[in-house]
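Residue-level structural notes
As a plain string of letters, each chain reads:
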Amino acid sequence: MEIKRDQYLNKLIASQNNRMIKIITGIRRCGKSYLLFKIFKNYLISQGIKKENIITLALDDEKNSRYRDCKVLYEYLREKIKDKRKKYFIFLDEIQLAITKEELNKNYDKYVKLYGVLNGLLHLDNVDVYVTGSNSKLLSKDVLTEFRGRGDEIRVYPLSFAEFYSAKKKKFDVYKAWDEYCLYGGLPDVTLQENIEKKSDYLKYQATNIYLNDIIERYRIKNKDILETLIEIISSNVGSLTNPVRLANTFNTELKISVTDKTISTYLDHLEDAFLIQKTKRYDVKGNRYIGTPLKYYYTDIGIRNSLINFRQDEQDHIMENVIYNELKIRGYSVDVGIVEINEKNKKNISQRKQLEVDFVCNKASKRFYIQAVFALPTREKTEQETKSLVNIKDSFKKIVVTKMPSPVWRNNDGILIMDIQEFLLNPNSLDL
């Protein structure tokens, strides 16, 4: 069964022949290769492009290992482009493998060989180039200078809940689908697997043998135990405020493991580079400024997060918050944690400054939304408590509360829009209601 990924397909269609290298990025096994080699390739063929004019090469396939040498790769591709009168599409999967580990670790200057190959292809008027990559260093500002503004990123995520539900709704109602999604996440191969034990085994295998080992080998991490412990701490406290200093203190005082905040910071960067986790900064809404630390970390796939702690913790509120964060990123928003400062009198009638949190401040072009994720609103007092930060934001941007419990879409007396998680995730226009 094919799961449609129309939003990514439409981005690829829109980017055709734009004289840029299309760089499809995302965590391993999220569907990048299938999107390019199957869905987009089938689209091109349906538009009259002949199969022989679509040159595909999977660099993670061992039989193609010789093409990881940039010179050999370039010669191979030029040999395939035989007719200057015809249009050729080049698909290169896991392009970061064309860069040796030594080049990846030392400095960005060594990237010149690979980008020389890609830029050389762009000089050919009859070639359109698409590559996939599972490491964000391919997109760092320093590296992109090699493209001189000719790299076009298309970020792919694991299945959104709407994509997941499209594959499950014939068997599950929306609530059972939600429970499975929160446990096993949205990696396509997991979604299509029916056996529960195989889902769990697949996630554990990917987490240990693909994601972690890839990071350990790529960055030559000597102390594997520290990395694994850090991952367990982040997994157990997903969506909680933290920073490298706090995490190092946890190692040194609670776990009696000596480690520096610099090491922790480096390891967190590696996890981000591999797209395992994403960080979000704190933003002072009234002051219109970012606050340095602490930060929050969310997992790109909640199933991977759960497997890393052996499915021990099932905190629905934190998981729901992580799913909402990913949905906002999938929809193309930049996402921050909001801080709203207020002055409030205590029981002794003394005015005190207090910080209230907004779970998500979402921006895209001229649009902004403030979103609070709440498990339930059983009473008026609970509603007032959960919406207090939103009420104290005096600008005109929309304020939204997303709840776990089933609820009709409605607005309270403060104009705050309230909807349940299914409406938010399954309605592509939910933010515009």
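Presented here is an overview of the structure given in this document. Along each chain, residue indices are assigned from 1 in the same order as the chain's sequence is written. Per-residue local features are limited, in this predicted model, to residues with pLDDT of at least 70; the limit for side-chain atom pairs, both in listing and counting, is 80 or more; totals at the level of whole chains, interfaces and linings are taken over all residues. Calculated side-chain values reflect all of the structure's heavy atoms, with hydrogen atoms and water omitted.

Describing the sheet that holds strand β13 (residues 417–420)
In any sheet, the strands associate via hydrogen bonds between backbone groups, in a parallel or an antiparallel arrangement. Read from one edge to the other, the open sheet built from eight strands follows the order β7-β6-β8-β9-β10-β11-β13-β12, with strand pairing classed as mixed. At either margin of the open sheet sits one strand with a lone partner, and together these are β7 (289–299) and β12 (410–411). Bridge count between strand β8 (residues 334–345) and strand β9 (residues 351–364): 11 bridges; the pairing is antiparallel. Within the sheet, the bridge partner assigned to Val335 lies in β9 and is Cys362. In short, DSSP must find at least two bridges between two strands for them to pair. Helix and strand labels come from DSSP, where a helix needs a run of H or I of at least four residues and a strand needs a run of E of at least two; each type is numbered from the N terminus.

Quick notes on the environment of Lys279
Within the secondary structure, Lys279 is located in strand β6 (residues 277–284). Three labels apply to residues, based on accessible area from a 1.4 Å probe with only protein chains included: buried if under 20% of the type maximum, exposed if over 50%, partly exposed otherwise in between. On the basis of relative accessibility, which here comes to 37%, the residue Lys279 falls in the partly exposed class. Residues Lys279 and Asp261, spaced 18 residues apart in sequence, show a C-alpha to C-alpha distance of 17 Å. The contact rule is simple, with two residues in contact once any of their heavy atoms fall within 4.5 Å. Excluding residues within four positions of it along the chain, Lys279 makes contact with Glu272, Leu295, Lys296, Tyr297 and Tyr325.

Quick word on the packing of aromatic side chains
Centre-to-centre distance and the angle between the planes together describe a pair of aromatic rings. Ring pairs are drawn from Phe, Tyr and Trp, using the six-membered ring of Trp, whenever the two centres fall within 6.5 Å, and their geometry is named by plane angle: stacked under 30 degrees, edge-to-face over 60, tilted for the rest. With the rule as written, the count across this model stands at 18 aromatic pairs. Plain terms: the ring middles of Phe91 and Tyr130 are 5.5 Å apart, the flat faces sit at 85 degrees to each other, and that makes the pair edge-to-face. With a gap of 39 residues between them, Phe91 in strand β3 (residues 88–93) and Tyr130 in strand β4 (residues 127–133) connect regions that are remote in the sequence. Residue Phe91 is classed as buried on the basis of its relative accessible area, which comes to 0%. Tyr130 sits in the buried class, given a relative accessible area of 0%. Members of the aromatic cluster, joined through ring pairs, are Phe37, Phe40, Tyr43, Phe89, Phe91 and Tyr130. Seen from the ring of Tyr130, Lys22 lies directly overhead, with NZ or CZ sitting 4.8 Å from the centre. Sitting over a ring, as applied to charges here, requires NZ of Lys or CZ of Arg to be within 6 Å of the ring centre and within 35 degrees of the ring normal. A cation over an aromatic ring shows up here: Lys364 above the ring of Tyr333, its NZ or CZ 4.5 Å from the ring centre.

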